[in-house]
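Listed below are the residues making up each chain.
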Amino acid sequence: MKWLSRLLLSVIFLLICLICFNYSDNFKHIFNNKVFNNDIKFSDYRNVFNVFMGKKDKEITTFNEYLNYISKEKIDDYYRLDLGDTQFVNVLKPGIIVFIGDKDNMKNVVIVQGNDGIDLWYGNVTNLNYSLYDYVSCGDILGDTIDNNLYLKILSNGRMLTYEEYIK
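Caption draft 1: The arrangement of the nonpolar core in detail. Among the nonpolar cores identified, the biggest contains 20 residues, and Tyr122, Leu142, Ile154 and Tyr166 are the most heavily contacted of them. Counting residues per element, the ones that place at least two in this core are β2 (78-82), β5 (106-114), β6 (119-123) and β10 (149-156). By residue number, the principal contributor to this core is β10, which donates three residues. Core analysis: the next-biggest nonpolar cluster, separate from the first, contains six residues, Tyr78, Val109, Ile111 and Leu155 among them.

Below, the structure is given as structure tokens:
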């Protein structure tokens, strides 16, 4: 019965938006600026949606997996991690895949926007097990590295974090 009331509220909200679109050019302008001209982070959207649906934001961790690497080297604004014999790339934190491709000066990049709002860029990744906009959980195998090197960039509100800062 609870789902029926939420469905009815959603339909009412949709109808109100449609009525406002038809009668107010100002509403259309405000709506277009807020929705189409601003970046909406997945974590913000997810939190708003969960509040609307009456859910609490929980992070379910299957197992705690850190990247084991032999050495790291800072290159520009990311790190090159030598994974040694391991070529599997484990997801560090759950989130949604928002980009797959070449970005900035990194090749074969997969960007996972975490539930905590932090963007993890995994570079040099191939044989992906997921597609764009798939949700990944902590410890999932994202794919393989092309060689033994993984390029990792961690961004929080546009500021780069070190791997050590991030796992604390």
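Caption draft 2: Highlighting the pattern of salt bridges. The full count for this structure, using the stated rule, is four salt bridges. The partner of Glu73 in a salt bridge is Arg80, and the shortest N-O contact between them spans 3.1 Å. Taking the relative accessible area as the measure of exposure, Glu73 reaches 37% and is therefore partly exposed. Lys153 is the salt-bridge partner of Asp104, the closest N and O atoms lying 3.6 Å from each other. Placement of Asp104 in the loop between β4 (95-103) and β5 and of Lys153 in strand β10 is noted, with a sequence separation of 49 residues between them.

Caption draft 3: A look at the side chain of Asp119. Mapped onto the elements of the fold, Asp119 is located in strand β6. A distance of 3.5 Å separates a polar atom in the side chain of Asp119 from a polar atom in the side chain of Gln113.

Caption draft 4: Molecular detail of the pairing of β6. For β6, the buried fraction is high: five of the five residues fall into the buried class. Burial of β6 is two-sided: the residues Asp119, Trp121 and Gly123 facing one way and the residues Leu120 and Tyr122 facing the other way are all buried. Direction of pairing for β5 relative to β6: antiparallel, over a ladder of four bridges. By the bridge assignment for β6, Val110 is matched with Tyr122.

What counts, and at which threshold
Residues numbered from 1 in each chain as written. Predicted model: local features only at pLDDT ≥ 70, side-chain atom pairs only at ≥ 80, totals over all residues. Heavy atoms only, no water. Core = buried A, V, L, I, M, F, W, Y, C linked by side-chain atoms within 4.5 Å. Buried < 20%, exposed > 50% of the residue type's maximum accessible area, 1.4 Å probe, protein only. Helix = DSSP H or I, 4+ residues; strand = E, 2+ residues; numbered from the N terminus. Salt bridge = Lys/Arg side-chain N within 4 Å of Asp/Glu carboxyl O. Polar contact = N/O pair within 3.5 Å; in protein donor to acceptor, adjacent residues only side chain to side chain. Pairing = 2+ DSSP bridges.

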